[in-house]
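Here are the chains, one letter per residue:
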Amino acid sequence: MRRCRRPWLARLLAAISIVFGAIGLTLVATATGQGTAPSAQATANPNAVARGRALFVQDCATCHGFNANGVPGMGPSLIGAGAQAADFYLSTGRMPLNNPRDPPVRNPPAFNRAQIADLVAYVGALGGPPIPVVDPRQGNLAHGFQEFALNCAGCHQIEGAGGIVTGGIAPPLNRATAVQVVEALRTGPFLMPRFTAQQLSTYDANSIARYVVETQDPADRGGWGIGHIGPIPEGMVAWFIAFVALVLVARVIGERSEV
């Protein structure tokens, strides 16, 4: 998604979209074979969908097309992307992009919560997975640790501090909500693989979300957290402290030998 650089044109298109939004949604649903089956469109608030379409035309259509069917070289089609992907990208500020060739990284959201809800309603009306229902309390912390270590720590580090991967950077998870964690698992944003329910069950996803949330404010029982900067720099600090301690011990022993 990219903000339109012609405000007068954006306002004109937004006005037209409010009038013809419902017609456009019907045509898209028919063209994609979604008109004969229950979908997010059937249950979405029509007013929210209309507001979302107007906002979409104003701020997103430059890259994703007037009917969200994509623009070659700019942005992919959002038909079938679902509310799940829209909520993740918008709530984490990964969209809209200033440049469609920029990697989608976390930023402060460009829209307020009400605007995000309207945009999510519109994109969700085009078909696709809804926002997942996430309850970390239904997961298990130890199981979440195991699944995170197996599937996520290779890129994000075991404490979710982020890391370097081929072709990009795995972001830290210190600001991710439980819902955003599961949305990322199911969506597979940017270089991240997508995990289906067959690969990670709802229980697995809830457990991983619980573990990630726990890493954001760990108890640090019996130790010094050192700001939770990650295992490698924490190890370096430990070695530095040990080196200083050895130097002091050697000095004390040397002074006693002189006596």
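Now for a quick tour of the structure. Per chain, the residues get numbers from 1 upward, laid out in the order the sequence is written. Totals for whole chains, interfaces and linings use all residues, but because this is a predicted model, local features are given only for residues with pLDDT of at least 70 and pairs of side-chain atoms are given and counted only at 80 or more. As a rule here, side-chain values cover all heavy atoms of the structure and leave hydrogens and water aside.

## Observations regarding the state of the cysteines
So, point 1. By definition, disulfides here are pairs of cysteine sulfur atoms that lie within 2.5 Å. Applying the stated criterion across every chain, the model contains zero disulfides.
So, point 2. Left without a disulfide partner, Cys 60 is nearest to the cysteine sulfur of Cys 63, which lies 8.7 Å away.
So, point 3. Only protein chains enter the calculation, and the probe is 1.4 Å; a residue is then buried if its accessible area is under 20% of its type maximum, exposed if over 50%, and partly exposed in between. What makes Cys 60 buried here is its relative accessible area of 0%.
So, point 4. We classify Cys 63 as buried; its relative accessible area is 3%.

## Re the packing of aromatic side chains
For any two aromatic rings, the description comes down to two numbers: the centre-to-centre distance and the angle of the planes.
So, point 1. Put simply, two rings from Phe, Tyr or Trp (the six-membered ring, in Trp's case) pair if the centres are within 6.5 Å, and we call them stacked under 30 degrees between planes, edge-to-face over 60, tilted for the rest. Counted by the stated rule, this structure contains four aromatic pairs.
So, point 2. Between the aromatic rings of Phe 56 and Tyr 122, the centroid separation amounts to 5.2 Å while the plane-to-plane angle is 50°, which identifies the pairing as tilted. With Phe 56 in helix α3 (residues 46–59) and Tyr 122 in helix α6 (residues 113–125), the pair connects residues that are 66 residues apart, well separated along the chain.
So, point 3. Of the residues examined, Phe 56 reaches a relative accessible area of 0% and is grouped as buried. Counting from the N terminus, the helices are DSSP H or I runs at least four residues long and the strands are E runs at least two residues long.

## Quick look at unusual backbone geometry
So, point 1. The step from Met 95 to Pro 96 runs through a cis peptide bond, and the omega angle for that step is 5°.
So, point 2. Among the secondary structure elements, Pro 96 is positioned in the loop between α5 (82–91) and α6.
So, point 3. Residue Phe 190 is not a glycine yet carries a positive backbone phi of 55°.
So, point 4. Along the chain, the position of Phe 190 falls in the loop between α9 (178–187) and α10 (202–215).
So, point 5. Assessed through its relative accessible area of 46%, Phe 190 is described here as partly exposed.

## A look at the packing of helix α7 (residues 141–151) against α10
Packed helices, taken two at a time, are described by their axes: the angle between them and the distance between them.
So, point 1. Every axis in this analysis is a line fitted to C-alpha atoms, fitted for helices over the stretch in contact. Angles between the N-to-C directions lie between 0 and 180 degrees. Remark: α7 packs on α10, axes separated minimally by 7 Å, with the N-to-C direction vectors making an angle of 95°. Here α7 is positioned roughly perpendicular relative to α10, judged by the angle of their axes. For the pair α7 and α10, contact is made by Leu 141, His 143, Gly 144, Phe 145, Glu 147 and Phe 148 and by Tyr 203, Asp 204, Ser 207, Ile 208, Arg 210, Tyr 211, Val 212 and Glu 214, respectively.
So, point 2. Just so you know the grouping, Ala, Val, Leu, Ile, Met, Phe, Trp, Tyr, Cys and Pro go in nonpolar, Asp, Glu, Lys and Arg go in charged, and all remaining residues, Gly too, go in polar. Taken together, the residues of the contact of α7 with α10 sort by class into seven nonpolar, three polar and four charged. Roughly parallel here means an angle under 35 degrees, roughly antiparallel means over 145, roughly perpendicular means 65 to 115, and every remaining angle is called oblique. Contacts are residue-level and defined by heavy atoms, with any inter-residue pair within 4.5 Å sufficient.

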